[in-house]
Amino acid sequence: MFHTFVVYVENKPGVLSRVVSLFRRRAFNIDSLTVGRTEKDDVSRMTIVTEADPDQARRIVANIYKLVNVLLVDDITGQPALLRDLALIKVGATQETRSQVLDLAAVFKARVLDIASESITVELTGGEEKVDRFLELLSPYGLLEVVRTGIVAMRRGAKSPLVALKAELGPAPAEESDSVSHSV
Amino acid sequence: MGSGSTALTGARILWECLEREGVKTVFGYPGGAILPAYDALQHSSIRHILVRHEQGASHMADGYARATGSVGVAVATSGPGATNLVTGIATAMMDSSPILCITGQVGSKLLGSDAFQETDITGVTLPITKHNYLVTRAEEVAPAVREALYLAKSGRPGPVLIDITKDAQQGTCAFDFEAAAPKMRGYRPDLSPAKAAYDKALAMIAAAKKPVILAGHGIAISGAEREVQAFAERACIPIAMTLLGLGHISASHVLNMGMMGMHGEAWVNKAIQEADLLLAFGMRFDDRVTGNLKSYAPNAKKIHIDIDPAEVNKNVKIDLALMGDLRNILLELLPRVEPASRGEWIEQIHKLKGDTAVRDIQNLPDNGHLYAAHVINDLWRETRGSDAIVVTDVGQHQMWEAQYYKHDHPRSLITSGGLGTMGFALPAAIGAKVARPDAEVWVVVGDGGFQMTMAEMATIAQENLKVNIAIINNGYLGMVRQWQEFFYERNYEATPLLNPNFAMLAQAYGIKSHVVKHRSDVVPTVRAARAHEGPVLIDFQVEQEDTVYPMVAAGAALHEMIRRPNPIVETAEDE
Ligand SMILES: Cc1cc2nc3c(=O)[nH]c(=O)nc-3n(C[C@H](O)[C@H](O)[C@H](O)COP(=O)(O)OP(=O)(O)OC[C@H]3O[C@@H](n4cnc5c(N)ncnc54)[C@H](O)[C@@H]3O)c2cc1C
Ligand SMILES: Cc1ncc(C[n+]2csc(CCOP(=O)(O)OP(=O)(O)O)c2C)c(N)n1
Ligand SMILES: [Mg+2]
């Protein structure tokens, strides 16, 4: 099953390589990883999608917390959240097919960025499945070049984990689950 | 220096910070990129011990740390100096040992240019340090040193490395010790379990008929020796020790069964396999401890007390985890745990033990052979009641030491468990002796491993350290030979050793030496060594093709042990 983690890290040199090195060393696979700035200058935010069973997911969280520069890990898998992937797609389009491609783009609310004599380049933002589906429909026209950013994610609702960061730093307090009760 | 700030070079700030943090000794080796720091040593009261190879420096720092619990410090230059530290860093990482490594680095302007002796040591050590720093400005030195020391020893301890560029050492800045206090937003080593978890643990313990405590290295790290013993006594729970747990509960305690695992005693492993509750206290279910996981303690519920949440459910499926410092957790549990007697279970364990034909090896006739087990058992008898520290290397002798030397004091055994680093013993013993100069220190080392770091005899001589070296000389890379004997049809490929004359070698360093070939000479020679003021090396020329029993073969269940065929090497029991 795919797990999505939002990881808040101190904005310091080398932090990305620490996170990536951890996944490599522990033999966890990364499906996608994005990193970017946040509303706070000194905090960066990563969204990591990885294939893991619940036990592995718990271990991944516990291991990420062992990195000293990590402030907070939020496993948003199965939570109400917004997940967005951005794709730039260059698709083949001749005189005959151009309007079909443009129609598809309109249906998907993709932005047309460039039209050339034999291609159209569009930008699509959306959930991963929407992007997958769009690419599938475009593929008969010939996908000349595709780039996707990977997922960025945010929980729904007003609360930002960063606001609560001071209070909640480090692993959350142990949940009282019936089987295993530990602090991740 | 008072409070407030003074202008100092990065190099001087380095020593000043270490000194104020309580560091008294460092182990190191100079070179170009660390020279500014060495030059600044003249202003510091810190003692510098010159090693003969940087691997020795990191093992010495490790031995220092394991003997005391305080951070051991190693210093090296850039490039080859730094990479030579790596084995010692990985060793400390595996066994949660707090060390700080300081390396020089080329000037910050040259970083990334493949400059002379430039190695990306923070990159190299990323997976084998708890954390590391690349310091490029004098201003960063003090915060890095203070953070690094705090990181190394807090929470689950481990190695931390600071790589300091030459210009950061030479540069000058305002130094304010107080202002450099650690401020780490993301680092929270102080976990504690939920209330409900304590209640649940107590209920599970009360319900258990056949509980066993699995006592690990975390006991010493936490300083929970007394609490574990009190807990075991109150609830009447027998204790099994990991290799790194040995000594933290006295071997002579009635509830202490001895070592578990691959070369643990059969009754200990059987007790674990038959248990209905395992209480893991600061141990991480290493594969040498569990044997085949599928058949590991199948009837037992498992409670894991550990400071590192990443250890929970890693190897063994846990029923209840209490995450936090062992001592703190036991202090909560102790007043609430129900006193019990568990007579039946204790009796059953005694029966298991009886069935392994325990015998005092001391009473066996001298048949002209010198067995390592005898050497080690005699060494134990001679040093008993003293505060002796035994530092072992890796191999057969290490396992015989664990079996036949009965450790009664915490931190009296120092050994590389997780990485199994040959060459560890001699330098680690130097670190231990420097840390605890009043303690008697013995090195128990194989003829193979000794040759990996024997250059450190020069360090012993130069520092005039009273370290006693017992080489268990079997003419083989014995542990590997044993595996070849069991699993590779006795094809002794690359395991026989042609050794130098160790006694003469010692003399060349000015170290007194003896050769022992007969059992009757063991005790007198150990006595002579103890009586001698300076360092001593004893070359114990033992039976060459002797085997460590019992043994759980890789992949076998914990109770399926290969048992001792030969009565000469039956388990030691006290008179
Ligand atoms: C040749 C050879 C043979 C070996 N055979 C055996 C064998 O037969 N039996 C055996 O037991 N070992 C054996 N070993 C050693 C084995 O590989 C492991 O090193 C050892 O079992 C680890 O012991 P440990 O889990 O107690 O210690 P560590 O690996 O040091 O683990 C310590 C644990 O304590 C936790 N901890 C740290 N601080 C605290 C705290 N304050 N509070 C709570 N928890 C804390 C840590 O998070 C960690 O989980 C052998 C090694 C070699 C080289
Ligand atoms: C640095 C290193 N290299 C290789 C090994 C593999 N190894 C484990 S035990 C052993 C043999 C040790 O021989 P010796 O030091 O003579 O001790 P003995 O087993 O004979 O007591 C070897 C080679 C190791 N543990 N460490
Ligand atoms: Mg040998």
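Residues numbered from 1 in each chain as written. Chains lettered and ligands numbered in written order. Predicted model: local features only at pLDDT ≥ 70, side-chain atom pairs only at ≥ 80, totals over all residues. Heavy atoms only, no water.

Caption draft 1: Molecular detail of the sheet that holds strand 13 (residues 301–306) of chain B. Residues and elements named next belong to chain B. Overall, parallel pairing links the 6 strands, which are arranged 11-10-9-12-13-14 in an open sheet. Lying at the two open borders of the sheet, with one neighbouring strand each, are strand 11 (256–259) and strand 14 (320–323). In this sheet, neighbouring strand axes are inclined to one another by 20 degrees on average, regardless of whether the strands run parallel or antiparallel. The pairing of strand 10 (residues 239–241) with strand 11 spans 3 bridges and is parallel. Bridging across to strand 11, I239 finds its partner in N256. (Pairing = 2+ DSSP bridges. Helix = DSSP H or I, 4+ residues; strand = E, 2+ residues; numbered from the N terminus. Axes fitted to C-alpha atoms, helices over the stretch in contact; angles between N-to-C directions.)

Caption draft 2: Layout of helix 16 (residues 372–383) of chain B. Residue and element names in this part refer to chain B. Counted at 1.5 Å a residue, the expected span for helix 16 with its 12 residues is 16 Å, and the 16 Å between its end C-alpha atoms agrees. For helix 16, the full list of buried residues reads A372, A373, H374, V375, I376, N377, D378, L379, W380, R381, E382 and T383. Buried-residue contacts for helix 16 involve helix 17 (396–404), strand 17 (441–446), strand 18 (467–473), helix 23 (522–531) and strand 20 (536–541). G385 sits one or two residues past helix 16 and shows a positive phi near 80 degrees. (Expected span 1.5 Å × (residues − 1). Buried < 20%, exposed > 50% of the residue type's maximum accessible area, 1.4 Å probe, protein only. Contact = heavy atoms within 4.5 Å.)

Caption draft 3: Looking closely at the coordination of the magnesium ion (ligand 3). Residue and element names in this part refer to chain B. Taken together, D447 (OD), N474 (OD1) and Y476 (O) make up the full set of protein donors to the magnesium ion (ligand 3), lying 2.1 Å away. Along the chain, the residues donating to the magnesium ion (ligand 3) fall in the pattern D-x26-N-x1-Y. Highlighted residues: D447 in helix 19 (residues 447–453) and Y476 in the loop between strand 18 and helix 21 (478–487), separated in sequence by 29 residues. Overall, the relative accessible area of 1% leaves D447 in the buried class. (Donors = N, O, S within 2.8 Å, 3.2 Å for Na, K, Ca; no water.)

Caption draft 4: Fine view of the pairing of strand 2 (residues 25–28) of chain B. Residues and elements named next belong to chain B. Alternating positions in strand 2 separate into two faces, T25 and F27 on one and V26 and G28 on the other, with burial throughout. Inspection of the sheet shows strand 2 paired to strand 3 (residues 47–50) by 4 bridges, in the parallel sense. Within strand 3, the position partnered with G28 by the bridge is L50. The β-α-β motif built from strand 2, the intervening helix 2 (residues 35–40) and the parallel element strand 3 has right-handed crossover chirality. Pairing of strand 2 with strand 4 (residues 72–76), which is carried by 2 bridges, proceeds in the parallel orientation. If you follow G28 over to strand 4, its bridge partner there is V75. (Right-handed = clockwise from strand over helix to strand, strands pointing away.)

Caption draft 5: Quick peek at the site of ligand 1. Residues and elements named next belong to chain B. For ligand 1, the set of nearby residues contains 37 residues, the closest of which are T242, M260, H263, R284 and D306. With respect to ligand 1, the backbone of M262 contributes an N or O atom lying 3.1 Å from an oxygen atom. One of the backbone nitrogen or oxygen atoms of H263 is found 2.8 Å away from an oxygen atom of ligand 1. Elements supplying a minimum of two residues to the shell around ligand 1: helix 10 (218–222), helix 13 (287–290) and helix 17. Of all the elements, helix 10 adds the most residues to the shell around ligand 1, at 3 residues. (Near = heavy atom within 4 Å. Polar contact = N/O pair within 3.5 Å; in protein donor to acceptor, adjacent residues only side chain to side chain.)

Caption draft 6: Just the domain arrangement of chain A, in detail. When its domains are assigned, chain A resolves into domain 1 (2–79) and domain 2 (82–148). Computed from C-alpha atoms alone, the centre-to-centre distance between domain 1 of chain A and domain 2 of chain A is 30 Å. (Domains from an automatic or database assignment.)

Caption draft 7: Up close: unusual backbone geometry. Residue and element names in this part refer to chain B. The omega angle of the peptide bond from Y549 to P550 is -15 degrees, so this bond is cis rather than trans. Tracing the sequence through the fold places P550 in the segment after strand 20. Although it is not a glycine, C236 adopts a positive phi angle of roughly 50 degrees. By relative accessible area, C236 is classed as buried at 13%. In the Ramachandran plot, R411 falls in the positive-phi region, its phi being about 60 degrees despite a non-glycine side chain. Looking at the element boundaries, R411 is found in the loop between helix 17 and strand 16 (413–414). Looking at R411, the relative accessible area reads 19%, which means it is buried.

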